[in-house]
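Residue-level listing of the chains:
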Amino acid sequence: MSATQSNNLPLWVQDRDKVIAESTNVEWRYQTPPDYSRSKENLAQESTYNHLEGTLEAIVQNLVRTFEMEVSFKANPQEWLSIVNDKFRVSTNGGVEYTAADVSAQGTYNLFMADSEHYKASEESFESSAKVFHTTFPQGFPWEVLEVFSGPPNVTFKWRHWGHFKGEYKGHAPTGETVEIIGMSIAKVTDDLKVISLEHYFDNNLFLEKLTSGGKQINAQKQGSACPFSSWFKKHKS
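Along each chain, the written sequence defines residue order, and numbers are assigned to residues from 1. Where totals are concerned, whole chains, interfaces and linings use all residues; where local detail is concerned, this predicted model gives features only for residues with pLDDT of at least 70, and gives and counts side-chain atom pairs only at 80 or more. To get the side-chain values, all heavy atoms of the structure are used, and hydrogens and water are removed first.

Named according to an unreviewed UniProt entry, the chain is Putative ester cyclase originating from Nostoc flagelliforme CCNUN1.

Set out below in structure tokens:
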């Protein structure tokens, strides 16, 4: 497919930056549009595949990246272009189905990861969950399509999420390694390629085990904040 033909595709399956540029009068969650320049650098250097523009793989990748951008940065789900808002549902590993309003309120990390030993989604807000993973992966947490197994209306595809574990994760020391998640998804889409439903499948426990493998860090600041004379008082306590 030529670039001209690609430009005739719906906006939400074109390049994410073009979607942002044409999203006028949008209620941005953080007041300004997002800047994906660093993410694009990471993708150019570290992506496994460079899908040709207009291929099914590139279209699916653009659609999911647009959806992720809209969830993360467009505060009003009624302004999301990538989904059929009143019908949209998303689930992980056959679990609870969530609406667009649910995802907008709680964030993808909280709904996709739920409660476990190393992550308590019920105790996190949209903002706190985003902060956790931005701290853990300070260089970004990119996503790419690896392979598409079936086209519309039920698009089945394999994907990869990865990041460099260089910041602490909930008090656990960073290992510096590249942590990746490989998963599968099924997206039911309309004739004009808007998402009706998304089903994600991946091993969440394996991901979290890698983020806690460095062990708990000793909080030196807390230890240093103790009274400098405490040991003396204990020693001389009557």
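There is more to say, and it comes next.
### What to know about a nonpolar patch on the surface
A patch consists of residues whose relative accessible area exceeds 30% and which take part in no salt bridge; residues with like charges are grouped when within 9 Å of each other, and nonpolar side chains (Val, Leu, Ile, Met, Phe, Trp, Tyr) when within 5 Å. Only the protein chains shown count as cover for residues, and all accessible areas are computed by the Shrake-Rupley method using a 1.4 Å probe. A side-chain nitrogen of Lys or Arg and a carboxyl oxygen of Asp or Glu constitute a salt bridge if their distance falls within 4 Å. A cluster of nonpolar side chains, namely Phe149, Met184 and Tyr201, defines an oily patch on the protein surface of about 260 Å² accessible area. A run of H or I in DSSP counts as a helix once it spans at least four residues, and a run of E counts as a strand once it spans at least two, with each numbered from the N terminus. Inspection of the secondary structure assignment puts Tyr201 in strand β5 (residues 195-201). Whether a residue is buried, partly exposed or exposed follows from its accessible area with a 1.4 Å probe, protein chains only, as a fraction of its type maximum: under 20%, in between, or over 50%, in that order. Overall, Tyr201 belongs to the partly exposed group, its relative accessible area being 32%.

### So, the environment of Arg38
Structurally, Arg38 is set in helix α3 (residues 37-46). Two residues qualify as a contact provided that any one of their heavy atoms is within 4.5 Å of a heavy atom in the partner residue. Once residues lying within four places of it in the same chain are set aside, the contact partners of Arg38 are Pro138, Gln139 and Gly140. For the purposes of these results, a polar contact is taken to be a pair of N or O atoms within 3.5 Å, where, inside protein, one atom must be able to donate a hydrogen and its partner to accept one; residues adjacent in sequence count only when each atom of the pair is a side-chain atom. From its side chain, Arg38 meets the backbone oxygen of Pro138 in a polar contact 2.8 Å long.

### With respect to the environment of Lys74
Topologically, Lys74 is positioned in the loop between α4 (56-73) and β1 (89-92). Measuring from C-alpha to C-alpha, the distance between Lys74 and Ser104 comes to 8.4 Å, with 30 residues separating the pair along the chain. Aside from chain neighbours lying at most four places away, what touches Lys74 is Ser23, Val26, Glu27, Trp28, Arg29, Met69, Glu79, Trp80 and Leu81.

### Brief notes about the confidence of the model for the chain
Every residue gets a pLDDT, meaning the predictor's confidence in that residue, from 0 to 100. Looking at the chain, pLDDT values average 89 and 89% of them are 70 or higher. Note that pLDDT drops below 50 for residues 220-238; the model gives that stretch one contact with residues more than four away or on any other chain.

### Some remarks on the side chain of Thr212
Tracing the backbone through its elements, the reader meets Thr212 in the loop between α8 (204-211) and α9 (220-224). At a separation of 3.0 Å, a polar atom in the side chain of Thr212 contacts the main-chain carbonyl oxygen of Leu208.

### So, the packing of aromatic side chains
Ring geometry is summarised as follows: Phe, Tyr and Trp rings, the Trp one being its six-membered ring, pair when their centres sit within 6.5 Å, and such pairs are stacked at plane angles under 30 degrees, edge-to-face over 60 and tilted between the two. One pass over the structure, following the stated rule, counts 13 aromatic pairs. Centroid distance Trp143 to Phe157: 6.4 Å. Interplanar angle 85°. Geometry classified as edge-to-face. You can see Trp143 sitting in strand β2 (residues 143-150) and its partner Phe157 sitting in strand β3 (residues 154-164), a full 14 residues away along the chain. Both residues of the pair, Trp143 and Phe157, belong to the buried class. A network of ring pairs unites the aromatic residues Tyr109, Tyr119, Phe133, Phe137, Phe141, Tyr169 and Phe207 as a single cluster.

### Description of the pattern of salt bridges
Here the structure, examined in full by the defined rule, presents five salt bridges. A salt bridge links Lys40 to Asp17; the shortest N-O distance between them is 3.1 Å. Pair noted here: Lys40 is in helix α3 and Asp17 is in helix α2 (residues 16-21), with a separation of 23 residues, a long-range link. The class for Lys40 is partly exposed, based on a relative accessible area of 41%. A salt bridge links Lys170 to Glu124, with the nearest nitrogen and oxygen atoms 2.4 Å apart. Of the two residues, Lys170 is situated in the loop between β3 and β4 (178-189) and Glu124 in the loop between α6 (108-113) and α7 (126-136); the sequence distance between them amounts to 46 residues. Three or more residues are tied together by salt bridges with common partners; here these are Glu144, Arg160 and Glu180.

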